[in-house]
Amino acid sequence: EKGTYPHYMLKEIDEQPAVIRKIIQTYQNEQGELTIDGDIIDAVNKADRIYIIAAGTSYHAGLVGKQFIEKMAKVPVEVHISSEFGYNMPLLSEKPLFIFISQSGETADSRAVLVQVKEMGYPALTITNVPGSTLSREADFTLLLHAGPEIAVASTKAYTAQIAVLSILAEVTAKTKGLEFGFDLIHELGLVANAMDVLCDSKEIIEIMAREFLSVTRNCFFIGRGIDFYVGLEGALKLKEISYIQAEGFAGGELKHGTIALIEEGTPVIALATQENVNLSIRGNVKEVVARGANPCIISMKGLNTDEDSFVIPEVYELLTPLISVVPLQLLAYYASLHRGCDVDKPRNLAKSVTVE
Ligand code: M6R
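Only a predicted model underlies this, so the values are computations on that prediction, with no experimental measurement involved.

What follows deals with unusual backbone geometry. Although it is not a glycine, His-146 sits at a positive phi angle of roughly 55°. By relative accessible area, His-146 is classed as partly exposed at 25%. With a phi angle near 65°, Tyr-244 is a residue other than glycine that sits in the positive phi range. In this structure, Tyr-244 sits in the loop between helix 11 (227–243) and strand 7 (246–251).

Take the pattern of salt bridges next. Per the counting criterion, the structure on display carries 16 salt bridges. In this structure, Asp-197 engages Arg-21 in a salt bridge whose closest nitrogen and oxygen atoms are separated by 2.7 Å. Of this pair, Asp-197 sits in helix 9 (residues 185–200) while Arg-21 sits in helix 2 (residues 16–26), placing them 176 residues apart in sequence. Given a relative accessible area of 30%, Asp-197 falls into the partly exposed group. The exposure class of Arg-21 is partly exposed, given its relative accessible area of 35%. For the salt bridge of Arg-111 with Glu-138, the shortest nitrogen-to-oxygen distance reads 2.7 Å. You can see Arg-111 sitting in helix 6 (residues 108–119) and its partner Glu-138 sitting in helix 7 (residues 134–138), a full 27 residues away along the chain. Salt bridges sharing common partners tie together Lys-11, Glu-15 and Lys-157.

Bringing the sheet that holds strand 10 (residues 311–313) into the picture now. Across a sheet, strands are paired by hydrogen bonds formed along the backbone, either parallel or antiparallel in direction. Strand order in the open sheet formed by five strands is 7-6-8-9-10, and the pairing between neighbours is parallel. Edge positions in the sheet fall to strand 7 and strand 10, since each of these pairs with one other strand and no more. Averaged over all neighbouring strand pairs, the angle between strand axes comes to 20°, with direction disregarded. Judged from the three bridges that link them, strand 6 (residues 219–224) and strand 8 (residues 268–273) form a sheet pairing that is parallel. Across the sheet, the residue bridging to Phe-222 is Ile-270, located in strand 8. Against the sheet, helix 12 (residues 279–291) engages strand 6, strand 8 and strand 9 (295–301), with an angle of about 170° to strand 8.

Taken in spatial order, the five strands make up an open sheet running 2-1-3-4-5, and their pairing is parallel. The open sheet has two edge strands with one neighbour each: strand 2 (77–81) and strand 5 (141–144). Pairs of neighbouring strands in the sheet enclose a mean axial angle of 20°, with direction left out of account. In the sheet, strand 1 (residues 49–54) pairs with strand 3 (residues 96–102) via five bridges, with the strands oriented parallel. Counterpart to Arg-49 in the pairing with strand 3 is Pro-96. Sheet strands touched by helix 3 (residues 38–46): strand 1, strand 3, strand 4 (124–128) and strand 5. Its angle to strand 5, the strand with the most contacts, is close to 110°. Each of strand 1, strand 3 and strand 4 touches helix 6; the most contacted strand, strand 3, lies at about 160° to it.

Between two packed helices, both the angle of their axes relative to each other and the distance between the axes serve to describe the pair. Where helix 9 contacts helix 13 (residues 322–339), the axes come no closer than 9 Å and their chain directions differ by 20°. One element, helix 9, and the other, helix 13, form an angle in the roughly parallel class. In this structure, the crossing between helix 9 and helix 13 has a hand that is right-handed. Facing helix 9, whose interface residues are Leu-189, Val-192, Ala-195, Met-196 and Leu-199, helix 13 presents Leu-323, Ile-324, Val-327, Pro-328 and Leu-331. For the contact of helix 9 with helix 13, the class distribution of residues is ten nonpolar, no polar and no charged.

This brings us to the pairing of strand 7. One face of the sheet, then the other: side chains in a regular strand alternate in exactly this way. Sheet analysis places strand 6 next to strand 7, joined by six bridges and oriented parallel. Across the sheet, Ile-223 pairs through a bridge with Phe-250, a residue of strand 7. Between the parallel pair strand 6 and strand 7, the chain is carried across by helix 11, and the sense of this crossover is right-handed.

Residues in contact with the ligand amount to 15 residues; listed here are only the nearest, Ser-58, Ser-102, Ser-104, Thr-107 and Glu-241. With respect to the ligand, the side chain of Ser-58 contributes an N or O atom lying 2.5 Å from an oxygen atom. In the model, an oxygen atom of the ligand is placed 2.4 Å from a nitrogen or oxygen of the Thr-107 side chain. Put simply, the parts of the chain that give the shell around the ligand at least two residues each are helix 4 (56–73) and helix 11. Tallied by class, residues from the shell around the ligand come to five nonpolar, eight polar and two charged.

A separate point is helix 2. One turn of the α-helix equals 3.6 residues, which is why residues spaced by three or four share an orientation. The complete set of buried residues in helix 2 reads Gln-16, Pro-17, Val-19, Ile-20, Ile-23 and Ile-24. All buried residues of helix 2 project into a common sector of 165° when viewed along the axis, lining one side. The inward-facing, buried residues of helix 2 contact helix 1 (8–14), helix 8 (157–176), helix 9 and helix 13.

Time to look at the environment of Gly-32. Tracing the backbone through its elements, the reader meets Gly-32 in the loop between helix 2 and helix 3. For the pair formed by Gly-32 and Val-278, sequence separation is 246 residues and the distance between their alpha carbons is 35 Å.

Conventions and cut-offs
Residues numbered from 1 in each chain as written. Predicted model: local features only at pLDDT ≥ 70, side-chain atom pairs only at ≥ 80, totals over all residues. Heavy atoms only, no water. Buried < 20%, exposed > 50% of the residue type's maximum accessible area, 1.4 Å probe, protein only. Helix = DSSP H or I, 4+ residues; strand = E, 2+ residues; numbered from the N terminus. Salt bridge = Lys/Arg side-chain N within 4 Å of Asp/Glu carboxyl O. Pairing = 2+ DSSP bridges. Axes fitted to C-alpha atoms, helices over the stretch in contact; angles between N-to-C directions. Contact = heavy atoms within 4.5 Å. Parallel < 35°, antiparallel > 145°, perpendicular 65-115°, else oblique. Left-handed = near helix turned anticlockwise from the far one by under 90°. Nonpolar A, V, L, I, M, F, W, Y, C, P; charged D, E, K, R; others polar. Right-handed = clockwise from strand over helix to strand, strands pointing away. Near = heavy atom within 4 Å. Polar contact = N/O pair within 3.5 Å; in protein donor to acceptor, adjacent residues only side chain to side chain. Arc of directions from axis to C-beta.

So this is what it looks like as structure tokens:
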């Protein structure tokens, strides 16, 4: 039930801090340490490479998850779009582990790959929000998102839950390998939940931003570097699916290789600046588009912000920034959809779970 909320999407955005807290709680043992079923960790430790298979928003969560698994647990990861992987399989490593990420657990494109890799005899783990779903039943292992039912077609709390669960998988794997990765994940995820609370209380500012940047435009670009690029892809998907604004996410460095030709007077460019190592470069990209007439909207993280930024998110551990930088993008999409009179929860031509290939 959406209660007093006008739309499920807004309710689900607001539920994100609670979902993160629930995940921390559920994945903790009595000693207060993060824990995951030993068979799953064995499967990860036996693998020489992980293949993440997913579609849409779940694919975007996989791109972020790769960063955790590679940086914290030191296992190489490839992330693939399920509908492509099915007929264009890369050369596989000797001991692959397949991870399927799917909110619904019913996505036909992902299931087709699962059937194929099971026939080939490879182990598979499904990360899903729905216990007993097809992808959960047919895989060897399941990790649940504990996000509660997600009703709006635009996925929000499942994305952040997927990222949080992937970070826990990386942490527990790293610990069993005796690897040091330099931060306390439980503590940092707690700070993320608090930061999400702050963002959920900033709706008025974001509504104004949506009005300023998105109420009349035909198109919109999202730019970022590194992990911000992946969040930009998600921001663009959210915006296009519910507001019907043509939106694309780009790596900042790719602008000069083509995309910058599309910048006209007033084109909104939403830039993410949450990573210290690329802060100057992304700001350089903003200057390039502004020189061509773009209307820039910079969303930065506290500590890296400047006076020209439109919105500043609270500071969290740098690998975990997608969990909070996505929140203003979800809200921007929500208000853009609302201002443009679109059906927020049930956008045209889309279904909540895509059960056909
Ligand atoms: O249920 P799944 O996570 O497998 O669904 C995958 C995509 O269909 C889904 O994320 C879709 O892209 C959403 N509508 C995005 O908001």
